[in-house]
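These are the residues of each chain, in order.
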Amino acid sequence: MVIVTYNNEADLPRCLDAVQSNARGATVVVRDCGSSDLSVAIAEQHPAVANVISGANVGFGAACNEAARSLGSDIRMFLFLNPDTAVGCDVAGLLEYVTRFGEFGCVGIQQQSFGGDLVWSWDEFPTPPLEWQKARKATLVQRSPAGYTDDRRVDWNMGAFLLVPRDAFDDAAGFDEQFFLFYEEIDLQQRLAQRGRPTYYVNKCHYQHDRSDKATLWREVLRLNSRRKYDRKWLSWFDTLQCQIAQSYRWIQDAIRPQRDRDRRLVIPRLLATWGLIRAVVPPEAIDGGIDSWRSVRPFWTHVEISREQ
């Protein structure tokens, strides 16, 4: 089990307590990305944790890769788990259950809020038709309870809980480290699918995830920066352009008829990031002024290096 942390002292005890209760016998590695709080101390003192690796904030995918490489060859399955989650099912039972899928690439399970509400956790690979459906607020099965009643083969599951066989992960060379955060799990599952290792959603098991409002300026710009990297890698220039137009239409609709206050507040940065005009500063500790200030982003012609120091 791999858990990547960055200033997660408020969530990590709950996460590790749930691991201790529901994943007995798992080898748990915490890779901390330069936390300035008590995350490292909490991980080092918790009985569920076998190893803590401290290092620079190299991004989620790179940190996962490093932690995975630290595990011995006897480890046959990786579970990548966010520190703001709590596993609510018996992981040993899940491992037995997924053998019915044969040689799969990834498995995800039902996501719930800590209030017990169902939260969407799977989707289709990005395409222009899908972007236009989202822009026009179409009803999508993956965003409705109907998509979470039974097991199903899906394109990708959210990376907050991702079960991946080691041989599949190694064959795909792990996460693509060009993604600092966001879209690295979609990219991985697309590469696995190309190798004949499909992704499945399992409905009988669940985890809880803190899905409180995290749509800061920095996160939204970074998310769209990562989306442009994904599009350049997987879509044609024409499909990429169509996706950008569809997303722009979506953001303009948010300005006119916002569903949430944050949607109107983020319209301008979302539009600028959609067209590659601004980029998020990484790593976040390099930001002077907070991740919800305009100092957290830069014009496209400037560049902040991601530290790869170990």
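It should be emphasised that the depicted structure is a prediction, and the values quoted were computed from it without experimental measurement.

### Observations concerning the pattern of salt bridges
Tallied over the entire structure, the rule returns 20 salt bridges. The shortest N-O distance in the salt bridge between Arg143 and Asp123 comes to 3.4 Å. Within this pair, whereas Arg143 is found in the loop between helix 5 (128–135) and strand 9 (152–154), its partner Asp123 is found in strand 8 (residues 122–123), the two being separated by 20 residues in sequence. Residue Asp263 pairs with Arg270 through a salt bridge whose shortest N-O separation is 3.3 Å. Each member of the pair, Asp263 as well as Arg270, is classed as buried. One salt-bridge network, held together by shared partners, links Lys137, Glu220, Arg223, Asp254, Asp263 and Arg270.

### Remarks on the packing of helix 8 (residues 217–234) against helix 11 (residues 267–274)
The contact between helix 8 and helix 11 brings their axes to 9 Å, and the two run at 25°. Classified by the interaxial angle, the pair formed by helix 8 and helix 11 is roughly parallel. When the axes of helix 8 and helix 11 are compared, the crossing they make is right-handed. Judged by residue contacts, Leu217, Glu220, Val221, Arg223, Leu224, Asn225 and Arg228 of helix 8 engage Pro269, Arg270, Ala273 and Thr274 from helix 11. For the contact of helix 8 with helix 11, the residue count by class is five nonpolar, two polar and four charged.

### Quick word on the packing of aromatic side chains
Aromatic ring pairs: the centre-centre distance and the angle between the two ring planes describe each pair. Within this structure, the stated rule accounts for 17 aromatic pairs. Look at Tyr148 and Tyr201: their rings are 5.2 Å apart centre to centre, the planes differ by 85°, and that puts the pair in the edge-to-face class. With Tyr148 in the loop between helix 5 and strand 9 and Tyr201 in strand 12 (residues 199–209), the pair connects residues that are 53 residues apart, well separated along the chain. The same class applies to Tyr148 and to Tyr201, which are both buried.

### Notes on the environment of Phe179
Within the secondary structure, Phe179 is located in the loop between helix 6 (166–171) and helix 7 (184–194). By relative accessible area, Phe179 is classed as buried at 0%. Excluding its chain neighbours within four sequence positions, the residues that come into contact with Phe179 are Gly61, Glu184, Asp187, Ser226, Lys229 and Tyr230.

### Details of the environment of Asn22
Among the secondary structure elements, Asn22 is positioned in helix 1 (residues 12–22). For the pair formed by Asn22 and Gln208, sequence separation is 186 residues and the distance between their alpha carbons is 13 Å. Beyond its immediate sequence surroundings of up to four residues, Asn22 is in contact with Val87, Gly88, Cys89, Asp90 and Val91.

### Description of a nonpolar patch on the surface
Side chains of Ile245, Trp275, Leu277, Phe300 and Trp301 sit close together on the surface and give an oily, nonpolar patch of about 550 Å² of accessible area. Looking at the secondary structure, you find Trp275 in the loop between helix 11 and strand 13 (278–280).

### Side note on the pairing of strand 6 (residues 106–112)
The buried count for strand 6 comes to seven of seven residues, which makes it a mostly enclosed element. Of the pairings in the sheet, the one linking strand 6 to strand 7 (residues 118–119) comprises two bridges and is antiparallel in character. When the sheet's bridge partners are listed, Gln112 is paired in strand 7 with Leu118. Taking the residues between adjacent antiparallel strands as the criterion, strand 6 and strand 7 are bridged by five residues, where Gly116 takes a positive phi near 90°.

### A short note on helix 9 (residues 237–256)
With 20 residues, helix 9 ought to run about 28 Å at 1.5 Å a step, and its terminal C-alpha atoms sit 29 Å apart, in line with that. Buried residues of helix 9: Thr240, Cys243, Gln244, Ala246, Gln247, Ser248, Trp251, Gln253 and Asp254, and no others. Buried-residue contacts for helix 9 involve helix 5, helix 8, helix 10 (261–265) and helix 11.

### Re the environment of Glu9
Following the sequence through the fold, Glu9 ends up in the loop between strand 1 (2–5) and helix 1. Overall, Glu9 belongs to the partly exposed group, its relative accessible area being 36%. Sequence separation of Glu9 and Ser39 is 30 residues, and the distance between their C-alpha atoms is 4.7 Å. Among all residues touching Glu9, those that are not within four sequence positions of it are Asp37, Leu38, Ser39 and Ile42. A distance of 3.1 Å separates a polar atom in the side chain of Glu9 from the backbone nitrogen of Leu38.

### Examining helix 8
Across its 18 residues, helix 8 extends 26 Å between first and last C-alpha, which sits within 8% of the 26 Å expected from 1.5 Å per residue. Burial in helix 8 covers these residues: Leu217, Trp218, Glu220, Val221, Leu222, Leu224, Asn225, Ser226, Arg227, Arg228, Tyr230 and Asp231. Among the structural elements, helix 5, helix 7, helix 9, helix 11, strand 13 and strand 14 (297–299) are those in contact with the buried residues of helix 8.

### Some details on the confidence of the model for the chain
Atomic detail in the predicted coordinates should be set aside for any region of low pLDDT. Per-chain confidence: the chain averages 95 in pLDDT, with 97% of residues scoring 70 or above. With pLDDT under 50 throughout, residues 306–310 is counted as low confidence; its partners more than four residues away or in other chains account for 15 contacts.

Reading the values: rules and limits
Sequence order as written defines residue numbering, which begins from 1 separately in each chain. Per-residue local features are limited, in this predicted model, to residues with pLDDT of at least 70; the limit for side-chain atom pairs, both in listing and counting, is 80 or more; totals at the level of whole chains, interfaces and linings are taken over all residues. Heavy atoms throughout the structure, all of them, feed into the side-chain values; hydrogens and water do not. Salt bridge, as applied in this entry: a Lys or Arg side-chain nitrogen positioned within 4 Å of an Asp or Glu carboxyl oxygen. The way it works is that DSSP assigns letters per residue, a run of H or I at least four long becomes a helix, a run of E at least two long becomes a strand, and they are numbered from the N terminus. We call a residue buried when its accessible area falls under 20% of the maximum for its residue type, exposed when it is over 50%, and partly exposed in between, using a 1.4 Å probe and counting protein chains only. Here, axes are lines fitted to C-alpha atoms. For helices the fit covers the stretch in contact, and angles between N-to-C directions go from 0 to 180 degrees. Any angle from 65 to 115 degrees is called roughly perpendicular, while one under 35 is roughly parallel, one over 145 is roughly antiparallel, and all others are oblique. A clockwise turn of the near helix away from the far one marks a right-handed crossing, whereas an anticlockwise turn of less than a right angle marks a left-handed crossing. Note on contacts: a residue pair qualifies if any of its non-hydrogen atoms lie within 4.5 Å across the two residues. Each residue is assigned to one class: nonpolar for Ala, Val, Leu, Ile, Met, Phe, Trp, Tyr, Cys and Pro, charged for Asp, Glu, Lys and Arg, and polar for all the others, Gly among them. Between rings of Phe, Tyr and Trp, where Trp is taken as its six-membered ring, a pair exists when centres lie within 6.5 Å; planes separated by under 30 degrees are stacked, by over 60 edge-to-face, and by other angles tilted. Each patch is assembled from residues with relative accessible area greater than 30% and no salt bridge, linking like charges that lie within 9 Å and nonpolar side chains (Val, Leu, Ile, Met, Phe, Trp, Tyr) that lie within 5 Å. Areas reported as accessible are Shrake-Rupley estimates using a 1.4 Å probe. Residue values count occlusion only from the protein chains shown. Here, a strand pair is defined by DSSP locating no fewer than two bridges between the strands. One fewer than the residue count of a helix, multiplied by 1.5 Å, yields its expected span. Throughout this description, a polar contact denotes any pair of N or O atoms lying within 3.5 Å of each other; where both atoms belong to protein, one of them has to be capable of donating a hydrogen while the other can accept it, and for residues adjacent in sequence the pair is counted only when both atoms sit in side chains. For every residue, the predictor assigns a confidence score, pLDDT, that lies between 0 and 100.

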